[in-house]
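Reading the structure
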Amino acid sequence: MKRVFLLIATNIAVMLVLSVSVRLLGLDRFVTSGGLNLGMLLMFSAVLGFGGAFISLALSKTMAKWSTGARVITQPSGPTEAWLLNTVRKLADRAGLPMPEVAVYEGEPNAFATGPSRSNSLVAVSTGLLANMNEEEVEAVLAHEIAHIRNGDMVTLTLIQGVVNTFVFFLARVVGYLVDSWLKRDEENSSAGSGIGYFITVIVCEIVFGILASVVVMYFSRQREFRADAGAAELLGSPRPMANALRRLGGIEADGLPKSMAASGIAGGRGLLGLFATHPSMEERIAALEGSG
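Note that the structure is predicted; figures quoted are calculated from it, not measured. (Residues numbered from 1 in each chain as written. Predicted model: local features only at pLDDT ≥ 70, side-chain atom pairs only at ≥ 80, totals over all residues. Heavy atoms only, no water.)

1. A word on the pattern of salt bridges
Within this structure, the stated rule accounts for 13 salt bridges. The partner of E101 in a salt bridge is K61, with the nearest N and O atoms 3.0 Å apart. Taken together, the positions of E101 in strand β2 (residues 101-105) and K61 in helix α3 (residues 60-68) put the pair 40 residues apart, joining distant regions of the chain. You can call E101 partly exposed: its relative accessible area is 28%. One salt bridge connects E136 with R240, and the closest N-O pair in it is separated by 3.1 Å. Here the residue E136 occupies a position in helix α6 (residues 135-151), and R240 occupies one in helix α9 (residues 240-250), the gap between them amounting to 104 residues. We classify R240 as partly exposed; its relative accessible area is 47%. Where salt bridges share partners, they join R224, E225, D229 and R285 into one cluster. (Salt bridge = Lys/Arg side-chain N within 4 Å of Asp/Glu carboxyl O. Helix = DSSP H or I, 4+ residues; strand = E, 2+ residues; numbered from the N terminus. Buried < 20%, exposed > 50% of the residue type's maximum accessible area, 1.4 Å probe, protein only.)

As structure tokens, this is what we get:
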């Protein structure tokens, strides 16, 4: 729960930093001076909402390597790394993808895929995953990550994040304008720019709306895990290896990824009533796989 809370808080913090920055620079005054211009406000919100999301996507590989300490395998240092490269190459060929970068990082059992596009991606596995799983189970995990890349999940989640960020920015400023107008209803120069009521209301609304928006984003995050599990079963020709890998993950202490990458790992925590969970439960994922088989 703490990990998921920090993930949500990080996303809200990014929006708040953007919001305060444009407020201090006076860049949002044109949408409220002399009245609320909804068309301009929507465009302004889209620039902020999608801008932040796509900057995160563009930097995703670099940030993933930096935050996990992942080492990209250029020349295999042993049979395990050689097997990893060959297995990822084989799965990428089956999926019709260019060969992604392959990396290993120190940590608890987990793996992730990231990158701004199908042709510029990274698959990384932890030393804990390699130590606790057999080759068939690791191959299933790698197939799951390759399926994420083939499905374009990184871009899809970025687009969804951009849409919800846009509406958070937009609705927060509409509410802020209405509250500010109500507070200044008896003032003679009530239309002379926005006041402190606007600023405070926007910040509060961005926090509240950001939390609600996270419910939407986390829902789509869980759905993409089901699709990646099914994609792994397709690439391997059977749902059994992926189901076995999930059972193994469910029985060991997994996770260990930085909070900002919580949605990228194959294993993730549960949130309040499941609403803020980045991943479905292992039981749900195994049931979906076995039901499809």
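Once you've had a look at it, read on.
2. Looking at the nonpolar core
Judged by nonpolar contacts, the single largest core of 36 residues is most densely connected at L84, L142 and I146. Of all the elements in the fold, those that place two or more residues in this core are α4 (79-95), β2, β3 (111-117), β4 (120-126), α6, α8 (196-236), α9 and α10 (282-292). The element that contributes the greatest number of residues to this core is α6, accounting for 7 residues. If near-sequence neighbours (up to four positions away) are discounted, L84 is found in contact with I73, V102, V104, V125, L130, V138 and L142. (Core = buried A, V, L, I, M, F, W, Y, C linked by side-chain atoms within 4.5 Å. Contact = heavy atoms within 4.5 Å.)

3. Some remarks on the pairing of β2
Counted residue by residue, β2 has 4 buried out of 5 residues, so it is predominantly covered. As defined by bridge partners, β2 adjoins β4 across 5 bridges and the pair is classed as parallel. Paired with V104 across the bridge in β4 is V125. (Pairing = 2+ DSSP bridges.)

4. Brief notes about the UniProt feature "binding site: Zn(2+)" (unreviewed entry) in the protein chain
Those residues carrying the UniProt feature "binding site: Zn(2+)" (unreviewed entry) are H144, H148 and E225 in this numbering. Sequence-wise these annotated residues cover 82 residues; spatially they are packed, their C-alpha atoms never more than 8.5 Å apart. Within the element layout of this structure, H144 appears in helix α6. By relative accessible area, H144 is classed as buried at 0%. Within the secondary structure layout, H148 lies in helix α6. According to the relative accessible area criterion, H148 is buried, its value standing at 4%. (UniProt positions renumbered as here; feature names shortened; annotations may be inferred.)

5. Details of the confidence of the model for the protein chain
If pLDDT is low for a region, its predicted coordinates should not be looked at in detail. Per-residue pLDDT for the protein chain averages 80, and the proportion of residues at 70 or more is 75%. Model confidence for the protein chain, summarised as mean pLDDT per element, is weakest for helix α1 (residues 2-24) at 55 and strongest for α4 at 96. A low-confidence stretch, residues 1-7 (pLDDT under 50), is modelled with 19 contacts involving residues beyond four sequence positions or located in other chains. Low pLDDT (under 50) marks residues 258-264, which in the prediction has 25 contacts with non-local residues, meaning those over four places away or in another chain. (pLDDT = per-residue confidence, 0-100.)

6. Regarding the pairing of β3
Side chains on a regular strand alternate between the two faces of the sheet. Across the 7 residues that make up β3, a large majority, 5, are buried. The pairing of β3 with β4 spans 5 bridges and is antiparallel. Paired with A113 across the bridge in β4 is V123. Connecting β3 to the next strand, β4, in antiparallel fashion are 2 residues.

7. Some words on the environment of F169
With respect to the element layout, F169 can be found in helix α7 (residues 153-183). By relative accessible area, F169 is classed as buried at 1%. In this structure, the C-alpha to C-alpha distance between F169 and L42, residues 127 residues apart in sequence, is 8.6 Å.

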